[in-house]
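Examination of the molecular architecture
Residue-level listing of the chains:
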Amino acid sequence: MNFDDIVAKVKECGKKTVAVSVAQDSAVLEAVHEAKRLGIADAILVGDEAKIREIAAGLNMDLSDYEIINEPDMIEASLKAVKLAHDGRADMYMKGLIDSKNFLKSVLNKEVGLRTGGTLSHVCVFEIPGIDRLLFLTDVAFMTYPTLEEKVQIIKNTIPVCNACGVAEPKVAPLAAVEVVNPKMPVTVDAAELTKMCEEGQIPGCIVDGPLSLDLAIDPEAAKHKGATDRKIQGDADVLLFPDIHAGNLVYKAIVHMVKVKNGCILTGTKVPVVLTSRSDTFETKVYSLALAAVVAEEMKKNQK
């Protein structure tokens, strides 16, 4: 699949609804307007109504078909917006003009938030020229230094995202600088343990093979030249599991700023998918993130039946 396929799949499973926290943001309003036009999602806009209408007027955006909940206070707006998702009125939750810290506080709110009791993690899906499949990068923005147990949960959080994007049994590559276990490099030890846990059935629904260097994970020719023909993953990984936020974020930004790509990002491990985009993300990334959240919301709904 590619992102055109993901948008097409949303139309098959039906238009979703996204609750937008502090919606008085021009970039976010543009994105939800385009998502509505494409049949991805309707939006409930929570925030300062006067400012929302002022911004929308500047964008020539007709708000007559949008539900607007007026709440000028940003913290209260975030709580009202997340409650819509908590109560099942919205299928997705999206960050608007509010800082990430307070937005995440609403996600984690014990009364109206989207906690499930597990670990939260971030997944970014890339469509990259020259690679014949979608690549799922995790975690590049949320988890800082995940433990072995947290890496297990990150993988489990990512599997439904892969399934929603047409990958039935994703190949997961726990990345390191090398592809052999070195006790002096703890991430290689973790990678080997994750591989063993998957083989023993503790991480179902995927194939894990690590440690792997990035070239062996994504480049079949590199795997061939390095003689990695006995590996489960030979340049055909679907999921790149990063050892820490530095490695993940650097690779993410290198791809985004150096390559012409399409990508969408969501926060997982929550009751519904959470669209947590950066102000520096493009309009297209915000729209694709909404499309990604929509197909994942449908996958989660299917799994709950």
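What counts, and where the lines are drawn
Residues numbered from 1 in each chain as written. Predicted model: local features only at pLDDT ≥ 70, side-chain atom pairs only at ≥ 80, totals over all residues. Heavy atoms only, no water. Salt bridge = Lys/Arg side-chain N within 4 Å of Asp/Glu carboxyl O. Helix = DSSP H or I, 4+ residues; strand = E, 2+ residues; numbered from the N terminus. Buried < 20%, exposed > 50% of the residue type's maximum accessible area, 1.4 Å probe, protein only. Domains from an automatic or database assignment. Contact = heavy atoms within 4.5 Å. Buried area = accessible area lost by both parts, 1.4 Å probe. Polar contact = N/O pair within 3.5 Å; in protein donor to acceptor, adjacent residues only side chain to side chain. Nonpolar A, V, L, I, M, F, W, Y, C, P; charged D, E, K, R; others polar. Arc of directions from axis to C-beta. Phe/Tyr/Trp six-rings, centres within 6.5 Å; stacked < 30°, edge-to-face > 60°. Axes fitted to C-alpha atoms, helices over the stretch in contact; angles between N-to-C directions. Parallel < 35°, antiparallel > 145°, perpendicular 65-115°, else oblique. Left-handed = near helix turned anticlockwise from the far one by under 90°. Core = buried A, V, L, I, M, F, W, Y, C linked by side-chain atoms within 4.5 Å. UniProt positions renumbered as here; feature names shortened; annotations may be inferred.

**Here's the deal with the pattern of salt bridges**
A full pass over the atoms with the stated rule returns 16 salt bridges. For arginine 53, the salt bridge identified is with glutamate 49, shortest N-O distance 3.0 Å. With a gap of four residues between them, arginine 53 and glutamate 49 both fall in helix H3 (residues 49-58), about one helical turn apart. Relative accessible area serves as the criterion here: at 24%, glutamate 49 is assigned to the partly exposed category. Notably, a salt bridge pairs aspartate 87 with lysine 83, separated by 2.6 Å at the nearest N-O pair. A relative accessible area of 43% places aspartate 87 in the partly exposed class. For lysine 83, a relative accessible area of 38% gives the class partly exposed. The network of salt bridges with common partners includes Lys15, Lys36 and Asp42.

**Notes on the domain arrangement of the protein chain**
Under the domain assignment used here, the protein chain contains domain 1 (1-114 + 269-301) and domain 2 (119-256). Spacing between the C-alpha centres of domain 1 and domain 2 amounts to 29 Å. Taken together, the contact between domain 1 and domain 2 spans 16 residues of the former and 16 residues of the latter. The largest share of the area that domain 1 buries against domain 2 comes from Met1, Phe3 and Gly269, three residues that together contribute 35% of it. The interface formed by domain 1 and domain 2 includes zero salt bridges. Here domain 1 is connected to domain 2 by three residue pairs in polar contact (both at pLDDT 80 or more). Listed by contribution, the elements that provide at least two residues to the side of domain 1 that touches domain 2 are helix H1 (3-13), helix H5 (100-107) and helix H11 (283-304). Examining the composition of the side of domain 1 that touches domain 2, we find that four residues originate from one element, H11, more than from any other. Of the residues that constitute the side of domain 1 that touches domain 2, the class distribution is ten nonpolar, three polar and three charged.

**Let's talk about H5**
Of the positions making up H5, those classed as buried are Phe103, Leu104, Ser106 and Val107. Along the long axis of H5, the arc covered by the buried residues comes to 155°, so they all point the same way. Those residues of H5 that are exposed and angled more than 90 degrees off the buried face are Lys101 and Lys105. Each element contacted by the buried residues of H5 is listed here: strand S1 (16-21), helix H4 (74-86), strand S4 (92-95), strand S10 (262-268) and strand S11 (274-275).

**Some words on the packing of aromatic side chains**
Considering all chains together, one arrives at three aromatic pairs under this definition. Between the aromatic rings of tyrosine 93 and phenylalanine 103, the centroid separation amounts to 4.7 Å while the plane-to-plane angle is 20°, which identifies the pairing as stacked. Of this pair, tyrosine 93 sits in strand S4 while phenylalanine 103 sits in helix H5; the two residues are ten residues apart in sequence, bridging distant segments of the chain. On the accessibility criterion, tyrosine 93 (0% relative accessible area) is buried. Taking the relative accessible area as the measure of exposure, phenylalanine 103 reaches 0% and is therefore buried. A centroid spacing of 5.7 Å and a plane angle of 55° characterise the contact between phenylalanine 126 and tyrosine 252, whose relative ring orientation is tilted. With phenylalanine 126 in strand S5 (residues 121-127) and tyrosine 252 in helix H10 (residues 245-258), the pair connects residues that are 126 residues apart, well separated along the chain. Each member of the pair, phenylalanine 126 as well as tyrosine 252, carries the same accessibility label: buried.

**With respect to the packing of helix H2 (residues 26-37) against H11**
The geometry of H2 relative to H11 is characterised by a closest axis approach of 9 Å and an angle of 50° between their N-to-C directions. It follows that H2 is oblique to H11 by the angle criterion. Handedness of the crossing formed by H2 with H11: right-handed. Along its contact with H2, which presents Ala27, Val28, Glu30, Ala31, Val32, Glu34 and Ala35, the element H11 presents Phe283, Lys286, Val287 and Leu290. Taken together, the residues that form the contact of H2 with H11 break down as eight nonpolar, no polar and three charged.

**As for the nonpolar core**
Of all hydrophobic cores here, the largest spans 60 residues; its most connected members are Val20, Val32, Ile40, Leu45, Phe136, Ile155 and Leu290. Looking at which element gives the most residues to this core, the answer is H11, with eleven residues. In this structure valine 32 touches Val20, Ala41, Ala43, Leu45, Met61, Tyr66, Met94 and Leu290, once residues within four positions along its chain are discounted. The next biggest cluster of nonpolar side chains, apart from the first, holds 22 residues, and it includes Val22, Ala90, Phe103 and Leu104.

**Details of the UniProt feature "domain: Phosphate acetyl/butaryl transferase" (unreviewed entry) in the protein chain**
According to UniProt, the "domain: Phosphate acetyl/butaryl transferase" (unreviewed entry) feature falls on residues 5-71 and 76-294. Overall, residues 5-71 shows 46% helix and 25% strand. The separation of its end C-alpha atoms is 37 Å. When the span residues 76-294 is considered, its composition is 40% helix and 15% strand, and the gap between its end C-alpha atoms is 25 Å.

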